[in-house]
Structures are given as structure tokens and as C-alpha cells.
Amino acid sequence: MSPEPTPPNPTSCGAALRPRRILALNASHRGPRGYTHFLLDLLLQGAREQGAHTELVDLARLEITPCRACEACHTPKRRLRCLMEERDDVAGLFQRMRRADLIVYGTPVYVFGVASRLKTLWERMYGVCDVRRLCLTRSGLIFHHVDSLCTKPLAAVICCDSLEAAIPANAVHHFRTYARFMDAPLAGILVRNGAALAGHGDPQAVRRFPALESVYRAYRRAGAELALRGRISRRTRARANREIVPLPAFALLKRLRPFKPRILERARAFLSQEEQP
Ligand SMILES: Cc1cc2nc3c(=O)[nH]c(=O)nc-3n(C[C@H](O)[C@H](O)[C@H](O)COP(=O)(O)O)c2cc1C
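Residues numbered from 1 in each chain as written. Predicted model: local features only at pLDDT ≥ 70, side-chain atom pairs only at ≥ 80, totals over all residues.

**As for the domain arrangement of the chain**
Logical step 1: For the chain, the assigned domains are domain 1 (4-246) and domain 2 (253-277).
Logical step 2: The centre of domain 1, based on its C-alpha atoms, is set 31 Å off from the matching centre of domain 2. (Domains from an automatic or database assignment.)

Right under this line is the structure:
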């Protein structure tokens, strides 16, 4: 079978258009009590200030049955309808995703990758894509037909406790690969490390780590930029992703092995202080 070019995506807002409806999906098991929700909320505040309609959905509150690879959705009888679609919340969520102009995926790092709830949701997209119809993506990759909900412009918010750059790297890579194969314009990826140091959104932490204030401002700015231009500027990404540890050149120092025992010692002392009543 020769590959067909992917049809243009009528729902895509492109980089230059203003996405009016921004949907954020939070994949943390902790749902609204978690740091990912807190960060997404800041971002959406900024978007609303620029007139966007926003919605934040905690996947932990929905029933999302894992794909069982039964392939019923790819039979002539069911035609891209999953056997579970009347029994869980995925069909309804897919409708909300189709109505959105831009989707912000929020995920904590769980064991070096995106959270399982997000992966489970993505796997259910297999049931609405015609995997037997080959297509060429805009970037020239051979892939298959995908539903319009997959091609929505997307941004990502990734957070983790670690300060090591390798920890969120798989999640970042995953979003980039997703965007390329799905022909989904990538509007920006924000990575918040040191989540435990940041008190997972505890307001007291801003006193200990004043850089958090500018990080949180950058999250609101990122939301405003998404609403105005459909993408997050490099400058805002750099501000949102900055190190919060108050040491000059920490981003560089933390890569040097002799410096690691000192970081470890400080982090242990900080976390044991946190644990005291
Ligand atoms: C199951 C699980 C696995 C985790 N794996 C990692 C990890 O590999 N690296 C890391 O830095 N943090 C890891 N964490 C910590 C979370 O990424 C971090 O606490 C994040 O801020 C949680 O987001 P939330 O508050 O929105 O739930 C893990 C947490 C859980 C519950």
C-alpha cells in the first residue's frame, strides 16, 4: 500500500492563530492535590486573563480503562469504536479534546517517563485512529491516519522531584515524538524540576526559594502567550524552567561530579527539616 499524504487538519490553530479554547489534562494520581494541577492552574489563569476559555481535567477523577489490544475497534463492524466506549469516560473526554483549540498535557515524571494515566489515555487513541490507512506526516514520516483529537496543537507541563536533567528527558522526548508523528504543532514544553524543594506548591516555599516567584510568573505568562499566539516563547520557557536553587551557575555545577555530594547533603538536610513537625 502506498502512503497517502495526511489530509490538512481543519481543527489546527497553527502557530499564528489565537486558540480560544484551551483544555489542560492533568495525569497526576494526586489530581487536584498535586503540584502538576497547581502549575496547570497558574498557566490557565494567564490564558484566561487574555480571554481564553479554559478547562482543567484531572484524569484521576475519570474512569479510563486500559486498551486491551483486542482490535475490535479495527473491525468493519465497530469502525473505530472501542468496546469500552459506553462503559467509561474516554469517549466524553475525546469529545472535549476535539472541541479544544489547544491541549496542555500535564504530567509528573513517574519512573523516568510520563504518568501511566496519560499513557493509558494515549493508548485509547489507538481505537479512534485507522491504523491500516497509511499516511505521510508533514515532516515526511510514514505513519497512519489519526483522529483530529491527536493533531491538536499541544503544550506540556512536566514536573519531577529530581534535579537531574536526565529524569524528565524521556517525557520530553515522548512529547516531541508524539507531536512529530501526530502532526500536532508543539506549542512549548515546560519542565519543573525540584518539585519537592518547591514544596509541591506550598506558598511558604517561595520564601525559601525566591526564584519560584519568577517561575510562577512565567507560568502565567506562558498561559497568556498560548492564548495570544498559540505558543510559548523561548524566553518564557527559560524562565519557567530555571533552577530554583539559589546558587549562581547551579545548572552547570550540578553536572560536575565533585559537586554532587554537596548537593546531596544539602537536599537531605532540607528534606529532613521539612519532615519535622
Ligand atoms: C509512582 C511515582 C513515581 C515517581 N517517579 C519519579 C521519578 O522517576 N523521578 C522523579 O524525580 N520523581 C518521581 N516521582 C515524584 C513526582 O514526579 C513528583 O513528586 C511530582 O511533583 C508529583 O506531581 P503531583 O504532585 O502533581 O502528583 C514519582 C512519584 C510517584 C508517585
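**Re the environment of Ile-167**
Logical step 1: Checked against the element boundaries, Ile-167 lands in helix α4 (residues 166-182).
Logical step 2: For Ile-167, the contacting residues outside a window of four places in its chain are Val-109, Phe-112, Cys-160 and Ser-162. (Helix = DSSP H or I, 4+ residues; strand = E, 2+ residues; numbered from the N terminus. Contact = placed C-beta atoms within 7 Å.)

**A look at helix α3 (residues 116-125)**
Logical step 1: Buried residues of α3: Arg-117, Leu-118, Leu-121 and Arg-124, and no others. Viewed along the axis of α3, the buried residues span an arc of 120°, placing them on a single side of the element. (Buried ≥ 20, exposed ≤ 12 C-beta atoms within 10 Å, placed from the backbone. Arc of directions from axis to C-beta.)

**Focus on the nonpolar core**
Generally speaking, soluble globular proteins have nonpolar side chains that are buried together.
Logical step 1: Ranked by size, the top nonpolar core spans 64 residues in total, and within it Ile-22, Leu-43 and Val-104 carry the most contacts.
Logical step 2: The leading source of residues in this core is helix α6 (residues 211-229), at nine residues.
Logical step 3: Apart from residues lying up to four places away in sequence, Val-104 is in contact with Ile-22, Ala-24, Leu-40, Leu-43, Ala-155 and Val-157. (Core = buried A, V, L, I, M, F, W, Y, C linked by C-beta atoms within 7 Å.)

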